[in-house]
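# A closer look at the structure
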Amino acid sequence: GGSCGKIRQHRRGTHCAVDAMDYYEELGINRAATDIDINKAYRKLALTYHPDKDDSEEAAMIFERIAEAYDVLSNRKLKATFDLLGEIGLKDGVPDGRGGRKGGIYTFEASPMAIFKRFFATDNPYEALMVIQDAFEKIGGSGKPELGAQRTYDVPVTLEEIFHGAHKAVTHTRKVQREAGGAIESEDRTLTVAVPPGCKNGRRFVFEREGNSKPNVEPGAVVFVVETIRHDSFTRSGDDLVYVAKLSVVDALCGTTLKIQTLDKRTLTIPVVECVDANSQKIVGGEGVPRADGSGRGDLIIIFEIVMPNKLTPAQKSLVRAGFFYPGKQPSPEQHAASVAFLNAANHGSKGWTIGFAGQ
């Protein structure tokens, strides 16, 4: 069979899972690489695969792997251990031949974005590019235009819009100076944010060159961040929807039927036949949010909340106690007759109290 393309190439379609990572290959360098080589390789790849520059799942995977590679190779002790024992030895350790183990000193616990911020002193790739560009201009006087600041806005999106997908028209105002020393004009810009079904909360939509503009300054990016509006009935957990069903003690013990209106205006009829504990759950498959990769939908998770009565009269307490202690198997003829008489009275068509009539 064919072999997997080398991870260090980071090309679409060539990245595949391997048993152990080679951190040098992840960064596209060899084992003779210096600290400068390591920094240079990480800088280039991190700016290429940052989520604001490429929001694909493959880019996110690469961004995480190069972060781990840099985290190890930029630390002399970790690098030396990796060079000797490899990734498995670095993380899990290997037998030392004397009944013990050596290695096993590392777990990648930092987030990829934390590594990026530690390296660039910002989590904004455009600001990082501007800092790098400024440094090169100071050294070589390249004359390239300065990059303007990134501007970020929230885009309120309903849960229904996330469920169905939506095109949101968003407007921002940028300042434009057409010539040095000239008047500064305000320019309203209308853009369209295409929110796909199943869009994640906090997803960033980047519009290059939409920021403020002035001579010798390259307009920066404008970023719109999805902010999900609170819904009256559901909360979202990944691709699942969570619904809190409040049940009385009677319904929790004796059963009921839930009627739940979905985000696409259908009504689900959910029978609850078993006794329900507080905070117990019932899962309805395939009634969640569409998955972003198009592979179906998440689930509806129903969490039960039991509403206790504020108080009971002495008679109610006695009846509840009597109900719990009624023989479950083989009641005596007297017990059976008493229970039948009681239920006939409770369910009487005009005087029964279970149908809402309070007899005098």
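Residues numbered from 1 in each chain as written. Predicted model: local features only at pLDDT ≥ 70, side-chain atom pairs only at ≥ 80, totals over all residues. Heavy atoms only, no water.

## Concerning the confidence of the model for the chain
Spelled out, the test is: The quantity known as pLDDT measures the predictor's confidence residue by residue, on a range of 0 to 100. Throughout, a residue-residue contact means that at least one pair of heavy atoms, one from each residue, lies within 4.5 Å.
Per-residue confidence for the chain averages 84 on the pLDDT scale, and 88% of its residues sit at or above 70. Here residues 137–143 scores under 50 on pLDDT; set against residues more than four positions off or in separate chains, the count is four contacts. Per-residue pLDDT stays below 50 along residues 356–360; that stretch engages in four contacts with residues further than four places along the chain or on separate chains.

## Overview of the packing of helix 2 (residues 35–49) against helix 3 (residues 57–73)
Applied cut-off: Inter-axis angles, ranging from 0 to 180 degrees, are taken between N-to-C directions of lines fitted to C-alpha atoms, where helices are fitted over the stretch in contact. The helix and strand labels rest on DSSP assignments: H or I over at least four residues marks a helix, E over at least two residues marks a strand, and numbering proceeds from the N terminus. In what follows, roughly perpendicular refers to angles from 65 to 115 degrees, roughly parallel to angles under 35, roughly antiparallel to angles over 145, and oblique to any angle outside these ranges. Note on convention: near helix rotated counterclockwise from far helix by under a right angle means a left-handed crossing. Clockwise means right-handed. Under this grouping Gly is polar, as are all residues other than the nonpolar Ala, Val, Leu, Ile, Met, Phe, Trp, Tyr, Cys and Pro and the charged Asp, Glu, Lys and Arg.
Packing of helix 2 against helix 3 leaves a shortest axis separation of 10 Å and a crossing angle of 160 degrees. Looking at the two axes, helix 2 sits roughly antiparallel to helix 3. Handedness of the crossing formed by helix 2 with helix 3: left-handed. Residue-level inspection shows Ile 38, Asn 39, Tyr 42, Leu 45, Ala 46 and Tyr 49 of helix 2 in contact with helix 3, the latter providing Ala 59, Ile 62, Phe 63, Ile 66, Ala 67, Tyr 70 and Leu 73. A per-class count over the contact of helix 2 with helix 3 returns 12 nonpolar, one polar and no charged.

## Examining the environment of Pro 271
Tracing the backbone through its elements, the reader meets Pro 271 in strand 13 (residues 267–272). The spatial distance from the C-alpha of Pro 271 to the C-alpha of Leu 258 is 6.3 Å, given a sequence separation of 13 residues. Once you skip the residues sitting within four places of it in the chain, Pro 271 turns out to touch Thr 256, Thr 257 and Lys 282.

## Describing unusual backbone geometry
Notably, Arg 209 is not glycine yet its phi reads approximately 60 degrees, a positive angle. Secondary-structure assignment places Arg 209 in the loop between strand 7 (204–207) and strand 8 (217–218). In the Ramachandran plot, Lys 265 falls in the positive-phi region, its phi being about 70 degrees despite a non-glycine side chain. Mapped onto the elements of the fold, Lys 265 is located in the loop between strand 12 (256–261) and strand 13.

## Comments concerning empty space enclosed by the protein
Heads up, the rule is: A cavity, in this analysis, means grid points on a 1 Å lattice covering only the protein atoms where a 1.4 Å probe fits yet has no way out; a pocket is instead an open set bounded by protein on both sides within 12 Å along at least five of seven lines, and a residue lines either one if it has an atom within 4 Å of a point. Grid points are joined across faces, edges and corners, and a volume is the space filled by probe spheres set on the points.
The tally for this structure, following the rule as stated, stands at one cavity of 30 Å³ or more. Of the volumes computed, that of the largest cavity is approximately 50 Å³. What lines the largest cavity is simply Phe 163, Phe 234, Leu 241, Ile 260, Thr 262, Leu 263, Asp 264, Leu 268, Glu 287, Arg 297 and Leu 300. For the lining of the largest cavity, the class distribution of residues is seven nonpolar, one polar and three charged.

## Topic: the packing of aromatic side chains
Here is the rule: Pairing of aromatic rings covers Phe, Tyr and the six-membered ring of Trp, with a centre-to-centre limit of 6.5 Å; geometry is then stacked below 30 degrees between planes, edge-to-face above 60, and tilted otherwise. Note on exposure labels: buried denotes an accessible area under 20% of the residue type's maximum, exposed denotes more than 50%, and partly exposed covers the range between, all computed with a 1.4 Å probe on protein chains only.
Under the definition given, this model contains 11 aromatic pairs. Where Tyr 70 meets Phe 119, the ring centres are 5.3 Å apart and the plane angle is 85 degrees; that geometry is what we call edge-to-face. Of the two residues, Tyr 70 sits in helix 3 while Phe 119 sits in helix 5 (residues 112–120), which places them 49 residues apart along the sequence. Summarising the aromatic geometry, the rings of Phe 207 and Phe 224 are spaced 5.8 Å apart at their centres and angled 85 degrees between planes, so their arrangement reads as edge-to-face. Of this pair, Phe 207 sits in strand 7 while Phe 224 sits in strand 9 (residues 222–228); the two residues are 17 residues apart in sequence, bridging distant segments of the chain. The two residues Phe 207 and Phe 224 agree in class, both being buried. A connected cluster of aromatic rings, assembled from ring pairs, spans Tyr 42, Phe 63, Tyr 70, Phe 116, Phe 119 and Phe 120.

## Things to note about the nonpolar core
Operational definition: We define a nonpolar core as any set of buried Ala, Val, Leu, Ile, Met, Phe, Trp, Tyr and Cys residues linked to one another through side-chain atoms lying within 4.5 Å.
If you look at the biggest cluster of nonpolar residues, it comprises 34 residues, and the most contacted ones within it are Phe 224, Phe 234, Leu 258, Ile 260, Leu 300, Ile 302 and Phe 304. Those residues in contact with Ile 302, other than ones at most four positions away along the chain, are Tyr 243, Ala 245, Leu 258, Ile 260, Ile 270, Ser 280, Gln 281, Lys 282 and Val 284.

## Structural notes on the sheet that holds strand 4 (residues 151–157)
Filter applied, for reference: Any two strands between which DSSP finds at least two bridges are classified as paired.
One open sheet holds the three strands; their spatial order is 4-9-7, and the pairing between them is mixed. The outermost strands of the open sheet, each flanked by one partner alone, are strand 4 and strand 7. Ignoring which end each strand starts from, the neighbouring axes of this sheet average 25 degrees apart. Note that strand 7 and strand 9 share four bridges and pair antiparallel. In the sheet register, Val 206 faces strand 9, and the bridge partner there is Val 223.

## A short note on the pattern of salt bridges
Put simply, the rule reads: We define a salt bridge as a contact between a side-chain nitrogen of Lys or Arg and a carboxyl oxygen of Asp or Glu at a distance within 4 Å.
Per the stated rule, a full pass over the model turns up 21 salt bridges. One salt bridge connects Lys 168 with Glu 161, and the closest N-O pair in it is separated by 3.2 Å. Residue Glu 287 pairs with Arg 266 through a salt bridge whose shortest N-O separation is 2.7 Å. Of the two residues, Glu 287 is situated in the loop between strand 14 (281–284) and strand 15 (300–307) and Arg 266 in the loop between strand 12 and strand 13; the sequence distance between them amounts to 21 residues. Assessed through its relative accessible area of 31%, Arg 266 is described here as partly exposed. One salt-bridge network, held together by shared partners, links Asp 22, Arg 31, Lys 79 and Asp 83.

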